[in-house]
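Secondary and tertiary structure notes
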Amino acid sequence: MSRPRTLRRAAIASLVASVVLLAVVLPLVAPVVRASQEGRELGQPHVSAARAVASHVNVTINTSATPAFVPNAIHATSGQNLTITLVNNGTFNHTFTMSSNGTERFPQSWSPTQLSAYFSAHTPLVNVTMPAHSTTAVNLSVNSTMAGGHFEFVSLVPYQFQAGLYGFLNVTPPVSSHLTFYVNASDSLRFISDTLNASSVTAFPFEATVFFGTLGVLSHTFTLSPLPNYNLSSDNFTSFFTQHLPLVDIPVPLTAGSYTNGSFVITAPGYYEYICTVPGHFASGMYGFLYAGVATPSPPVPVVVSTAIVQSEILIGGGSLLGIGVVLAAAASITGRIPPPKPGEGHH
Ligand SMILES: [Cu+2]
């Protein structure tokens, strides 16, 4: 009588245990499973086909009483001719002055004198006046060397840049290759993966999209340096990114299993560092490298699937290793087969 009841109780208990285990483990595994179901291994690229590009585009930028260019971000593809119509509906004169350096970003703390001095030393790509209540058009041929650049435009009328009159022309190449990566953030302050492999790319520039997800609950960012072969430091990255616009800077979604994505263009071979800009995270090891047209370090960095799961496996694995160790030590003490370590022997 009591035996079947015990069995049934045991069955119910193990069922409950399984459901609880699944509820805890599934959200952790879901993003990884989803990425691999879509044929996208973490850290490994998915390469897709080209898109058609218009040869000429028109954009309009407006200004009014508010100190802002609207929109303050415009896009072009290299090889395109761009006509920018500048409409000034306000009562102040402005200039529309665009930097010829696509990686530089002007600190908003710069004085009018510093900004003018910069443009005296570095010829702007575009420099026209926008008189009050007028419309001006400017043509710009966006050439291939501009691909991947973020060209800042400002008003040089004193204190207008400082008040917010600035924006960016973002240039992407005609897409001959487009790589997609999946990266997850873990609350043990690691990127999974910390190695993005674009080693096989030979044609530059190329476009890439990163899908950024989380295995935990903390806030993180995926922030990619625009400079090849440059190692960021946890002391200077904040000032670095105020002067060099990140190639991509996206926050992690706060729900496991969903992704935020950002696209960017790599113009030159090299390794590019990505970090998490949440205070303390980079210093704790939250960084990684994208290898574009250059070999990844050998041996490759192992891919950790989920910290939470691995930790429980380490506990179980560590426990059994300890057991094996005790048995081996006992056996060795009996048979005397393990020689004592010799001094001076080690790595050559
Ligand atoms: Cu972080």
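1. Let's talk about unusual backbone geometry
For residues besides glycine, phi is generally negative; the peptide bonds are generally trans as well. In this chain, Val70 is followed by Pro71 through a cis amide linkage whose omega measures 0 degrees. Here Pro71 lies in the loop between strand S2 (56-63) and strand S3 (73-77). For the bond from Ile192 to Ser193, the omega torsion is 15 degrees, close enough to zero to count as cis. With respect to the helices, strands and loops of the structure, Ser193 is situated in the loop between strand S11 (190-192) and strand S12 (195-198). Phi is positive for His133, which is not a glycine, with a value near 50 degrees. Along the chain, His133 falls in the loop between strand S6 (126-130) and strand S7 (134-141). C-beta crowding within 10 Å serves as the criterion here: with 10 such atoms nearby, His133 is assigned to the exposed category. Phi at Leu189 is positive, roughly 65 degrees, even though this residue is not glycine. Relative to the elements of secondary structure, Leu189 occurs in the loop between strand S10 (178-186) and S11.

2. With respect to the confidence of the model for the chain
Summarising the model, the chain shows a mean pLDDT of 80, and 72% of its residues fall at 70 or more. For residues 24-31, every residue scores under 50 in pLDDT, and the model assigns this stretch 16 contacts once sequence neighbours within four places are set aside.

3. A word on the environment of Ile84
The residue Ile84 is located in strand S4 (residues 81-88) in this model. What makes Ile84 buried here is the crowd of 22 C-beta atoms within 10 Å. Taking the C-alpha atoms as reference, Ile84 lies 5.3 Å from Val138; in sequence the two are 54 residues apart. With residues up to four places along the chain from it excluded, the contact list for Ile84 reads Val59, Ile61, Val138 and Leu140.

What counts and what doesn't
- Residues numbered from 1 in each chain as written.
- Predicted model: local features only at pLDDT ≥ 70, side-chain atom pairs only at ≥ 80, totals over all residues.
- Helix = DSSP H or I, 4+ residues; strand = E, 2+ residues; numbered from the N terminus.
- Buried ≥ 20, exposed ≤ 12 C-beta atoms within 10 Å, placed from the backbone.
- pLDDT = per-residue confidence, 0-100.
- Contact = placed C-beta atoms within 7 Å.

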